[in-house]
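Descriptive structure summary
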There are 2 protein chains.
Amino acid sequence: MTYCLSLLCKEGIVFLSDSRTSAGLDNITIHPKMRLYERPGERIICLMSSGNLSLTQSVLSLMDEDIAKAPADEVGTSFLNQVNLYETVRYLGAKLRAVRGLDADVLRHAGVDFQTNFIVGGQIADQPPQIYRIYSEGNSIHASKESPFLQIGELKYGKPILDRGFSYDTPLNEAVKIGLLSLDSTMKSNLSVGTPFDIFSYHTDSLEAKHRARLDDTSPYLRDVRNEWQKGLVNLVHAIPELDFSSNGGE
Amino acid sequence: MTYCLSLLCKEGIVFLSDSRTSAGLDNITIHPKMRLYERPGERIICLMSSGNLSLTQSVLSLMDEDIAKAPADEVGTSFLNQVNLYETVRYLGAKLRAVRGLDADVLRHAGVDFQTNFIVGGQIADQPPQIYRIYSEGNSIHASKESPFLQIGELKYGKPILDRGFSYDTPLNEAVKIGLLSLDSTMKSNLSVGTPFDIFSYHTDSLEAKHRARLDDTSPYLRDVRNEWQKGLVNLVHAIPELDFSSNGGE
């Protein structure tokens, strides 16, 4: 299983992913699920993936082939030379459909779902930063001020903290913490989501991938976050007044 | 959709359920999902249900028939005269299998899953209090000090707060608050779970159903809980130190 999350803020975008890949409980490996495509000063694109690892890797391999052979001044022929993020995402969707053509029939006969999901986001030149979710069918949606986060993979455990704590106006540094708590809550409730966590915090108009981190279970920061969160939650519950059953429909 | 939750504590048991029943988004009604069977001083049994409402109601109707016709001194013939909670739960499982015999084939042909889940718990005489989850197949599991809560229905959104905030040693009054937050988090993240919330807090060896409440959106207590929780979470995140990207694998 996988959990990837992207938070669109007024100040920028936060991308977070776990690194656990499993094919059954006895075959757990670590694969980075976050890729950064960087042309400093021109475009920054972050890609995260969940679902069938074979399909994901096929999509990425087809994209890499195009990147390798595209001349520097060409437009619209690779993941890195599209005119805007929407076309970038459509390009990825086309590659996804190409992989569908290669593998979907055989997988269906074997009873395997064609499942591969992507989050793609970032900024191109002076265009507004944006994040997209691309579905297994190749179509996509983007975030908005009203619905400012996108998730793929094991998304339910980590959603309540986002619903309560995050909005488009949340400062970028706070969004990093909320995203980390969302990942860590998911990891605590589902063994198949695990560290290391990859984090990329993008500041609007910086057009560089400066703020990146990888946190594993030995990270003092991650340990502190977990301790403070656990302790804080229990204190917070304790501070809430008790239910008076005699005044609330009690008998 | 439904969310029901039961928390086994050293001091007793907390039962909580929502009341939303939906058959598609345009057909939402309110059905209580919590039933209390009370023989004060002798046994208290709380039952909660999720899944296909028709199946749930059939199981309960068959059980009611037995209760109505069982003589007062009979043993082992109804939901309310079993020798212990395990036999009570096996009895329910047998009724569930009877309904399977009545309906499962026709439902399967219509493409409808045979889905009905129950939580049953309480105390009989001086036996230890316990909670059970009964699956659609009629088999069951019970909680333990190490795994002290059971959920049915839409369970993922409400699990992180339990994983962080609840243990067997949590005082009963705190468990009521944690359970309520688990329900409310689920309702916030999934529109098909909704108020009113039914709550029953059982004190071990009381053998009475004294502490009951029903909270809806107009409840001042529920409003206070929501406000304090939302405000408290944001403050808690704010108090956590910021991630220093330069010392954590940052470039």
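Computed from a predicted structure; not experimentally measured.

**Quick word on the interface of chain A and chain B**
Reports often express the size of an interface as the amount of accessible area lost when the parts come together. With 49 residues of chain A at the contact, the number on the chain B side is 49 residues. In this structure, the connection of chain A to chain B is made through four salt bridges. A salt bridge links D184(A) to R164(B); its shortest N-O distance comes to 2.7 Å. At the boundary of chain A with chain B, the tally comes to 22 residue pairs in polar contact (both at pLDDT 80 or more). Of all the secondary structure elements, the ones that give two or more residues to the side of chain A that touches chain B are α3 (159–165), α4 (172–189), β11 (197–203), β12 (211–215) and α5 (220–239) of chain A. When residues in the side of chain A that touches chain B are grouped by element, the largest group, twelve residues, is from α5(A). Tallied by class, residues from the side of chain A that touches chain B come to 21 nonpolar, 13 polar and 15 charged.

**Structural notes on the relation of the copies chain A and chain B**
Each copy of the sequence occupies a distinct position, and chain A is placed on chain B by a rotation of 180° and an axial shift of 0.0 Å, giving an RMSD of 0.0 Å. Both copies of the chain, as the preceding transformation shows, are related through a two-fold rotation axis. It is Y157(A) whose C-alpha, among those of chain A, lies nearest the rotation axis, at 2.5 Å. By residue overlap, the copies meet face to face through one surface: 100% of the interface positions of chain A are interface positions in chain B.

**Focus: the sheet that holds strand β9 (residues 140–142) of chain B**
Residue and element names in this part refer to chain B. In spatial order, the strands read β5-β6-β7-β8-β9; together these five strands make up an open sheet with antiparallel pairing. Two strands in the sheet have a free side with no partner beyond their single neighbour: β5 (34–39) and β9. Pairs of neighbouring strands in the sheet enclose a mean axial angle of 20°, with direction left out of account. Two strands pair when backbone bridges link them, and strand β7 (residues 116–124) and strand β8 (residues 130–134) are joined in this way by five bridges, in the antiparallel orientation. Looking across to β8, one finds that G122 is bridged to Q130. Relative to β5, helix α1 (residues 53–69) is tilted by about 15°, and along the sheet it contacts β5, β6 (43–51) and β7. In this fold helix α2 (residues 85–109) packs onto β6, β7, β8 and β9, with an angle of close to 155° to the strand it touches most, β7.

**Describing the sheet that holds strand β1 (residues 3–8) of chain A**
Residue and element names in this part refer to chain A. Reading across from one edge, β10-β1-β2-β11-β12 is the order of the five strands in this open sheet, with antiparallel pairing throughout. At either end of the open sheet lies a strand with only one pairing partner, and these are β10 (149–153) and β12. Neighbour to neighbour, the strand axes of the sheet diverge by 10° on average, direction disregarded. Where β1 meets β10, five bridges bridge the pair, whose relative direction is antiparallel. Bridged to Y3 within β10 is G153.

How each quantity is defined
Residues numbered from 1 in each chain as written. Chains lettered and ligands numbered in written order. Predicted model: local features only at pLDDT ≥ 70, side-chain atom pairs only at ≥ 80, totals over all residues. Heavy atoms only, no water. Contact = heavy atoms within 4.5 Å. Salt bridge = Lys/Arg side-chain N within 4 Å of Asp/Glu carboxyl O. Polar contact = N/O pair within 3.5 Å; in protein donor to acceptor, adjacent residues only side chain to side chain. Helix = DSSP H or I, 4+ residues; strand = E, 2+ residues; numbered from the N terminus. Nonpolar A, V, L, I, M, F, W, Y, C, P; charged D, E, K, R; others polar. Least-squares fit on C-alpha atoms with pLDDT ≥ 70 in both. Pairing = 2+ DSSP bridges. Axes fitted to C-alpha atoms, helices over the stretch in contact; angles between N-to-C directions.

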